[in-house]
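Listed below are the residues making up each chain.
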Amino acid sequence: MAGARAAAATASAGSSASSGNPPPQEPGLGELLEEFSRTQYRAKDGSGTGGSKVERIEKRCLELFGRDYCFSVIPNTNGDICGHYPRYIVFLEYESSEKEKDTFESTVQVSKLQDLIHRSKMARCRGRFVCPVILFKGKHICRSATLAGWGELYGRSGYNYFFSGGADDAWADVEDVTEEDCALRSGDTHLFDKVRGYDIKLLRYLSVKYICDLMVENKKVKFGMNVTSSEKVDKAQRYADFTLLSIPYPGCEFFKEYKDRDYMAEGLIFNWKQDYVDAPLSIPDFLTHSLNIDWSQYQCWDLVQQTQNYLKLLLSLVNSDDDSGLLVHCISGWDRTPLFISLLRLSLWADGLIHTSLKPAEILYLTVAYDWFLFGHMLVDRLSKGEEIFFFCFNFLKHITSEEFSALKTQRRKSLPARDGGFTLEDICMLRRKDRGSTTSLGSDFSLVMESSPGATGIGPSRSADSGSLEEEPLILSTECPLEPATTLRGPLAFLPGAGRSQVFQLLILKPF
């Protein structure tokens, strides 16, 4: 039944082919980025004609998930569950190979999952509930927003509160009171027990044990009131049975400094002494011993070191010997959260552990479309402000090519089967730094590799296992898709193999120059 649900994503293409008509051309990265840079995705705006760009992007994601997984679709038509989540929320049940099915088949009943989602959505900011997005060794890696506080539960309009379809920042102009005061005044002292109780049931149903909170605040304060909360400061200790990790990471505003420094993350250190920053790093000792990281120095790390160390931590959690899942969240769950979800997806893919049939251009398309676009990242707004966290995500890949970021434990990467396209098992592709004539990126001019390009099909540099000789051939590619002048596509893409990780890390990166 699950397989049939997954197959439905490509049924229309199959019927076109069987009727003698050529199947519609698959949407490319250019079309995706054009739409992404034009508007923020909203589920209620996604339903249009069958040939609409957004619908093509949605169907393409379902098709790419279906290559390796049997999955169910949780309908979010018109944003009924969450206005900034995909219309087709993918729940991965098991890998489609029989071996993986026998080993890691999900025990989650989709109907029960849907019921818990509907009941728990009000517990989190903007209705962005705990949503599983990656399946690794039978574990669900999930994303969400932080917990909703009093300011959101009572300050937002009824429509936006119940259906997450209204204005995002429709906070009421009310006095500053605590959650407990509000509950007493409303006559419902069990409000937070109820809504957070459903949230906890959903987390437990997905076997989530680890909750990683990226907020630099304990609670988000707006207009003088606590509009959001977090598990780490829940006064009733409702989340005490989970392993809570406070790993504060700068918000999207900080990435304006990244752009202003000519996209140089090295040496860029967040100012931890700002008044609103009150959430210290807190990780249980038993989770840190094997990582050989001095966590007491976290306020001295630059953006590269901090992102590297946090990614190592997340990889160690999902790669632990238990069967526990992971939740990653920030405040709204659409800037810092997709950054780390995307890095996790790409790193595990590079190890050959997830999405094993996808080529580089396909995994790039999937993570940009699903992890960023369809989950509501506001690229247009971020570009207008110069807050280029989306660009940083893919530019950062050059910093995680070494073996220390591999999720493989005893098995060496070179023992994995080679991907299609001509790379040897010891190839690894890194970005080559090039002289840049401007400081532009997605905000103005940027480069793009289409799926039909040599790099997208696996043609690139290789290293001979015997001689260690290196052949390098930079790829300079472009697209002719019509864009506004502010988002013209241009620039170089170069692959540089190097020593370190043994498995191919062939990614198509948008690079300013």
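What counts and how
Residues numbered from 1 in each chain as written. Predicted model: local features only at pLDDT ≥ 70, side-chain atom pairs only at ≥ 80, totals over all residues. Heavy atoms only, no water. Helix = DSSP H or I, 4+ residues; strand = E, 2+ residues; numbered from the N terminus. Buried < 20%, exposed > 50% of the residue type's maximum accessible area, 1.4 Å probe, protein only. Contact = heavy atoms within 4.5 Å. Areas by Shrake-Rupley, 256 points an atom, 1.4 Å probe, with all protein chains shown as cover. Salt bridge = Lys/Arg side-chain N within 4 Å of Asp/Glu carboxyl O. Axes fitted to C-alpha atoms, helices over the stretch in contact; angles between N-to-C directions. Parallel < 35°, antiparallel > 145°, perpendicular 65-115°, else oblique. Left-handed = near helix turned anticlockwise from the far one by under 90°. Nonpolar A, V, L, I, M, F, W, Y, C, P; charged D, E, K, R; others polar. Expected span 1.5 Å × (residues − 1). Pairing = 2+ DSSP bridges. Polar contact = N/O pair within 3.5 Å; in protein donor to acceptor, adjacent residues only side chain to side chain. Core = buried A, V, L, I, M, F, W, Y, C linked by side-chain atoms within 4.5 Å.

Attention now moves to the overall build of the chain. Across its full length, the chain holds 16 helices and 13 strands. In the chain, buried positions account for 58% of the 513 residues. For the chain, the proportion of contacts with a sequence separation of at least 24, taken over those separated by at least 6, is 76%. As displayed, the chain has an accessible area near 20400 Å², and 50% of this comes from carbon and sulfur atoms.

All right, on to the environment of leucine 62 then. Among the structural elements, leucine 62 can be located in helix 4 (residues 53-66). For the pair formed by leucine 62 and isoleucine 89, sequence separation is 27 residues and the distance between their alpha carbons is 9.4 Å.

Moving on, we come to the pattern of salt bridges. Across all of its chains, the model carries 25 salt bridges by this definition. A salt bridge links arginine 238 to aspartate 234; its shortest N-O distance comes to 2.4 Å. Its relative accessible area of 21% is what places arginine 238 among the partly exposed residues. The exposure class of aspartate 234 is buried, given its relative accessible area of 2%. A salt bridge links aspartate 381 to lysine 385; the shortest N-O distance between them is 3.3 Å. Of this pair, aspartate 381 and lysine 385 both sit in helix 15 (residues 379-385), four residues apart, which is roughly one turn of that helix. Looking at aspartate 381, the relative accessible area reads 24%, which means it is partly exposed. Taking relative accessible area as the criterion, lysine 385 reaches 43% and is therefore assigned partly exposed.

Two elements in contact, helix 4 and helix 14 (residues 360-373), have axes whose closest approach is 10 Å; the angle formed by their N-to-C orientations is 120°. Viewed along their axes, helix 4 and helix 14 adopt a mutual orientation that is oblique. Crossing of helix 4 against helix 14: the hand is left-handed. Two secondary-structure elements touch here, helix 4 through Val54, Ile57, Arg60, Cys61, Leu64 and Phe65 and helix 14 through Glu362, Tyr365, Leu366, Ala369, Tyr370 and Phe373. Taken together, the residues of the contact of helix 4 with helix 14 sort by class into 10 nonpolar, no polar and two charged.

Taking 1.5 Å of rise per residue, the 15 residues of helix 10 (residues 191-205) would be expected to cover 21 Å, and the 21 Å separating its terminal C-alpha atoms lies within 8% of that figure. Turning to helix 10, its buried residues are Leu191, Phe192, Val195, Arg196, Asp199, Ile200, Leu202, Leu203 and Tyr205. Phi for serine 207, located one or two positions after helix 10, is positive at around 60°.

This part covers the sheet that holds strand 5 (residues 208-213). Ordered in space as 3-4-9-5-8, the five strands form an open sheet in which the pairing is mixed. The open sheet terminates on both sides in strands that have one partner only, identified here as strand 3 (131-136) and strand 8 (243-246). The sheet shows a mean angle of 20° between the axes of neighbouring strands, direction not considered. In terms of strand pairing, strand 4 (residues 139-144) meets strand 9 (residues 325-329) through four bridges, oriented parallel. The residue of strand 9 that forms the bridge with arginine 143 is valine 328. Of the strands in this sheet, strand 3, strand 4 and strand 9 are in contact with helix 13 (residues 336-350), which crosses strand 4 at around 155°.

A word on the side chain of asparagine 319. The topology assignment puts asparagine 319 in the loop between helix 12 (303-318) and strand 9. A distance of 3.1 Å separates a polar atom in the side chain of asparagine 319 from a polar atom in the side chain of lysine 137. Among the polar contacts made by the side chain of asparagine 319, one reaches the main-chain carbonyl oxygen of alanine 407 at a distance of 2.5 Å.

For helix 13, with 15 residues, the first-to-last C-alpha span of 21 Å sits near the 21 Å given by 1.5 Å per residue. Burial analysis of helix 13 places 15 of its 15 residues in the buried class, which makes it a mostly covered element. Glycine 352 sits one or two positions beyond helix 13 and adopts a positive phi of about 75°.

So, on to the environment of alanine 407. Position of alanine 407 relative to the elements: it lies in the loop between helix 16 (389-395) and strand 10 (429-431). In sequence terms alanine 407 and aspartate 351 are 56 residues apart; their C-alpha atoms lie 6.9 Å from each other.

Okay, the nonpolar core next. Core analysis: the largest hydrophobic core is formed by 119 residues, its most contacted members being Tyr310, Leu326 and Tyr370. Leave out the neighbours within four places in its chain, and tyrosine 310 touches Leu214, Ile247, Pro248, Tyr249, Leu281, Trp295, Tyr298, Trp301 and Phe340. Residues Ala123, Trp150, Leu191 and Val195 belong to the second largest nonpolar core, which totals five residues.

Fair warning: the whole summary comes from geometry, so function is off the table for now.
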